[in-house]
Amino acid sequence: MTELTFRVLVLLTLVATVGGIVFDEIGASTLPKLLQEERLRIKHRVVAYSKAHPMCGLLRILLVIGYLASLIAIAFFVPFAPWLFLAFTVGWSAFTVIDAPHVISRPASLFYEASLLLNGVILALCFFSSPIN
């Protein structure tokens, strides 16, 4: 794999991750009314918990920022970036499980699943092979 190919893969991961977040908000209005209400209840529960426990809310924000920053660091081949990316990916995934259930639209689920697959590909390339030949 060339350096350019690896960077394109990282860019695709960024697009899929940010696209999933954006399409989740845009696609929420296309959900049936009952699912929109349930989605709002879940969202309000998470926000209320974060307000009641400010450190938890701060941790959520830091996990998202750290995830994106470590992904960019991987694109520039910073030596410790794969370990940071692994830690932030596991942390973000843990909060995703804690916040379950999730109600997302079809376009958002496409981006969400693509993001998960691309995260796995990047981690596999970083830890189980030499990403650059």
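Up top is the structure.
This section reports on the structure supplied with the text. This one's a predicted model, so the numbers in the text were calculated from it and none came from an experiment. Counting starts from 1 at the beginning of each chain's written sequence and moves along it residue by residue. Local features in this predicted model are restricted to residues whose pLDDT is 70 or higher, and side-chain atom pairs enter the listing and the counts only when it is 80 or higher, whereas totals over whole chains, interfaces and linings include all residues. Only hydrogens and water are set aside when side-chain values are computed; all heavy atoms of the structure are taken into account.

**Examining helix H3 (residues 54–75)**
Runs of H or I in DSSP of at least four residues are treated as helices and runs of E of at least two as strands, each being numbered from the N terminus. Given the number of residues in a helix, its expected span is that number minus one, multiplied by 1.5 Å. Spanning 22 residues, H3 covers 32 Å between terminal C-alpha atoms, matching the ideal 32 Å at 1.5 Å per step. Exposure classes here rest on a 1.4 Å probe applied to the protein chains alone. A residue is buried below 20% of its type maximum, exposed above 50%, and partly exposed in between. Those residues of H3 that fall on the buried side of the exposure criterion are Cys56, Gly57, Arg60, Leu63, Gly66, Tyr67, Ser70, Leu71, Ala73, Ile74 and Ala75. Looking at the buried positions of H3, the neighbouring elements they touch are helix H1 (3–27), helix H2 (33–52), helix H4 (81–98) and helix H5 (106–128). The positive-phi residue at the C-terminal boundary of H3 is Phe77, with phi of around 60°. Whether two residues are in contact is decided by their heavy atoms: any pair within 4.5 Å suffices.

**Focus on the packing of H3 against H4**
Two numbers describe how H3 lies on H4: the axes approach to 8 Å, and their chain directions differ by 145°. Handedness of the crossing formed by H3 with H4: left-handed. Each of Cys56, Leu59, Arg60, Leu62, Leu63, Val64, Gly66, Tyr67, Ser70, Leu71, Ala73 and Ile74 in H3 lies in contact with H4, whose residues at this interface are Ala81, Pro82, Leu84, Phe85, Phe88, Thr89, Gly91, Trp92 and Phe95. Residue classes in the contact of H3 with H4 are distributed as 16 nonpolar, four polar and one charged. Lines fitted to C-alpha atoms define the axes here, with helix axes fitted over just the stretch in contact, and angles between the N-to-C directions of these axes take values from 0 to 180 degrees. Handedness of a helix crossing follows the sense of rotation of the near helix relative to the far helix, less than a right angle counterclockwise being left-handed and clockwise being right-handed. Only Asp, Glu, Lys and Arg are considered charged, only Ala, Val, Leu, Ile, Met, Phe, Trp, Tyr, Cys and Pro nonpolar, and every remaining residue, Gly among them, polar.

**Quick word on the pattern of salt bridges**
The salt bridge criterion pairs a side-chain nitrogen of Lys or Arg with a carboxyl oxygen of Asp or Glu, the two atoms within 4 Å. Applying the stated criterion across every chain, the model contains five salt bridges. As a salt-bridge pair, Arg39 and Asp24 come within 3.3 Å of each other at their nearest N and O atoms. Separated by 15 residues along the polypeptide, Arg39 in helix H2 and Asp24 in helix H1 bring together distant segments of the chain. Judged by its relative accessible area of 10%, Arg39 falls in the buried class.

**Notes on the side chain of Thr96**
Here Thr96 lies in helix H4. Judged by relative accessible area, which is 19%, Thr96 ranks as buried. Apart from the residues lying within four places of it in its own chain, the contact partners of Thr96 are His102 and Tyr112.

**Some remarks on the environment of Cys56**
Residue placement: Cys56 occurs in helix H3. Classification of Cys56 as buried rests on a relative accessible area of 14%. In the structure, Cys56 is positioned 39 residues away from Phe95 in sequence and 9.8 Å away in space, judged by C-alpha atoms. Contacts of Cys56, omitting those with residues within four sequence positions, involve Tyr49 and Phe95.

**Remarks on unusual backbone geometry**
Within the chain, Phe77 stands out as a residue other than glycine whose phi angle is a positive 60°. Among the structural elements, Phe77 can be located in the loop between H3 and H4. Of the residues examined, Phe77 reaches a relative accessible area of 32% and is grouped as partly exposed.

Coordinates in, geometry out; function isn't part of it.
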